[in-house]
Amino acid sequence: MTYNVENLFDTQHDTLKNDYDFTSQSERKWTDKRYHRKIHNLWQVIASTGNELPVVIGLCEIENEHVMKDITEGNEYKRLGYGYIHFESPDERGIDVALLYNERRFVPILTRQIKSDIESTRDILYVCGKLDGNTLLHIIQVHAPSRRGGKSASEWKRVTVGRQVRELTDSIFATDPTAGIVIMGDFNDNPDDKTPSEIIKAKPSVQEHFENGELYNLTWDGRPTEHTDSGSYYFSNRWEQIDQIIVSGSLLNGTLKLRLNNRATIHNQKWLQDRKGHPRRTYLGTFYQGGVSDHFPVIIKAVK
């Protein structure tokens, strides 16, 4: 599962970050009660994705390790048995990527913070670990630079990060062409835009055959995204599919013990929507409406 949880800040000001909007003294009045309610709502979303909780959950827009500890070690959440992986990044607002994982089923072997070549943005999180003791997974969690300043004018930033992601996958494939790779997160581009399709080289997932050493975007069926009437994010009167999960062919063709469905699911249950059917965010401007996020999460499941 990958989920941009939209500004999951604690209530304390970090003197090195621009987090003034998320303190109890701000116009938003971001209190401990609202903060803990958001964490509770996050677990409600996770619990609603199926009969079993997701084994691995990639998160975007987490402020710091303190937040991750509250998510995993709070009295009502510790029993769920999740660990976390998080590194502090140089993002000017203080938002990072992180990984939650079921400690009984996934064992991290190697974790690495890949410094972004773009200043003041999120770093890339790389985790290599074993799932259920027999499947080695390479997980890459991304939150690409935003479209601030315009989609075209800012594209070079996402292309730069995309090149770093592709270089990492190439190095993994060079060692093992059958490697199981999962790239997920908020790409701030649609699947058919330049960075996911041309730089990362993720193909549509609607294929007859899946090749080892190739990448496939499980949130893209090959149709131009502009013609779809749903997505994970709604912006400027149109749906976007900027939250994506990309996997290697070996996770789709039966080469590995773990085999995934070739299509991801947008988890857009009614209670996560506003009255217009869009993601119900925590704040509308400075008005607190108590939603979870302005994104819907995206999930993939194994083929039984």
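Here's a quick rundown of the structure. (Residues numbered from 1 in each chain as written. Predicted model: local features only at pLDDT ≥ 70, side-chain atom pairs only at ≥ 80, totals over all residues. Heavy atoms only, no water.)

1. What about unusual backbone geometry?
Despite not being glycine, glutamate 61 shows a phi value in the positive range, around 70°. Of note, glutamate 61 is situated in strand E2 (residues 56–62). The exposure class of glutamate 61 is buried, given its relative accessible area of 11%. One non-glycine residue, asparagine 237, lies in the positive phi region at around 65°. Along the chain, asparagine 237 falls in the loop between strand E11 (233–235) and strand E12 (238–240). (Helix = DSSP H or I, 4+ residues; strand = E, 2+ residues; numbered from the N terminus. Buried < 20%, exposed > 50% of the residue type's maximum accessible area, 1.4 Å probe, protein only.)

2. What to know about the nonpolar core
One recurring pattern in soluble globular proteins is that nonpolar side chains are buried together. Within the largest apolar cluster, 33 residues are counted, with the highest numbers of intra-cluster contacts made by Leu8, Trp43, Leu59, Ile62, Ile71 and Leu100. Looking at this core, the element that brings in the most residues is helix H1 (residues 32–47), giving six residues. Leucine 59 has contacts with Tyr3, Val5, Met68, Ile71, Asp96, Val97, Ala98, Leu100 and Gln141, leaving out every residue within four places of it along the chain. Core analysis: the next-biggest nonpolar cluster, separate from the first, contains 26 residues, Ile85, Ile139, Ile245 and Leu258 among them. (Core = buried A, V, L, I, M, F, W, Y, C linked by side-chain atoms within 4.5 Å. Contact = heavy atoms within 4.5 Å.)

3. Concerning the pattern of salt bridges
For the structure shown, the criterion picks out 15 salt bridges. With a closest N to O distance of 2.8 Å, arginine 166 and aspartate 170 form a salt bridge. Linking arginine 166 with aspartate 170, this pair stays in helix H3 (residues 151–175), spanning four residues, or about one helical turn. Through salt bridges with shared partners, one network takes in Glu6, Arg281 and Asp294. (Salt bridge = Lys/Arg side-chain N within 4 Å of Asp/Glu carboxyl O.)

4. Here's the deal with the packing of H1 against helix H2 (residues 65–73)
One way to put it is that H1 packs onto H2 with a least axis distance of 10 Å and a crossing angle of 55°. By the criterion of interaxial angle, the relationship of H1 to H2 is oblique. Handedness of the crossing formed by H1 with H2: right-handed. Facing H1, whose interface residues are Tyr35, His36, Ile39, Leu42 and Trp43, H2 presents His66, Val67, Asp70 and Ile71. Taken together, the residues that form the contact of H1 with H2 break down as six nonpolar, two polar and one charged. (Axes fitted to C-alpha atoms, helices over the stretch in contact; angles between N-to-C directions. Parallel < 35°, antiparallel > 145°, perpendicular 65-115°, else oblique. Left-handed = near helix turned anticlockwise from the far one by under 90°. Nonpolar A, V, L, I, M, F, W, Y, C, P; charged D, E, K, R; others polar.)

5. Considerations on H1
Along an α-helix, a turn takes 3.6 residues, which lines up residues three or four apart on a common side. Relative to the 22 Å expected for 16 residues at 1.5 Å per residue, H1 spans 23 Å between its end C-alpha atoms, a close match to the ideal helical length. Taken together, the buried positions of H1 are Tyr35, Lys38, Ile39, Asn41, Leu42, Trp43, Val45 and Ile46. Tucked into the core, H1 has its buried residues touching strand E1 (2–8), E2, H2, strand E3 (82–86) and strand E4 (96–102). (Expected span 1.5 Å × (residues − 1).)

6. Regarding the side chain of serine 205
Mapped onto the fold, serine 205 is located in the loop between strand E9 (202–204) and strand E10 (215–217). One polar contact links the side chain of serine 205 to the main-chain carbonyl oxygen of asparagine 217, over a distance of 3.3 Å. At 2.7 Å, the side chain of serine 205 forms a polar contact with the backbone oxygen of asparagine 262. Leave out the neighbours within four places in its chain, and serine 205 touches Phe210, Tyr216, Asn217, Leu218, Trp220, Asn262 and Arg263. (Polar contact = N/O pair within 3.5 Å; in protein donor to acceptor, adjacent residues only side chain to side chain.)

7. What to know about the side chain of threonine 72
Relative to the helices and strands, threonine 72 resides in helix H2. With relative accessibility at 4%, the residue threonine 72 sits in the buried group. Among the polar contacts made by the side chain of threonine 72, one reaches the main-chain carbonyl oxygen of methionine 68 at a distance of 2.9 Å. Once you skip the residues sitting within four places of it in the chain, threonine 72 turns out to touch Tyr77, Lys78, Tyr82, Gly83, Tyr84 and Leu100.

8. So, the sheet that holds E10
If you trace the seven strands from one edge of the open sheet to the other, you get E5-E6-E7-E8-E13-E10-E9, paired in mixed fashion. Only two strands of the sheet have a single neighbouring strand rather than two, namely strand E5 (106–114) and E9. Geometrically, the sheet is characterised by an average inter-axis angle of 25° between neighbouring strands, direction not taken into account. Sheet analysis places strand E6 (residues 124–131) next to strand E7 (residues 135–143), joined by seven bridges and oriented antiparallel. Counterpart to cysteine 128 in the pairing with E7 is histidine 138. (Pairing = 2+ DSSP bridges.)

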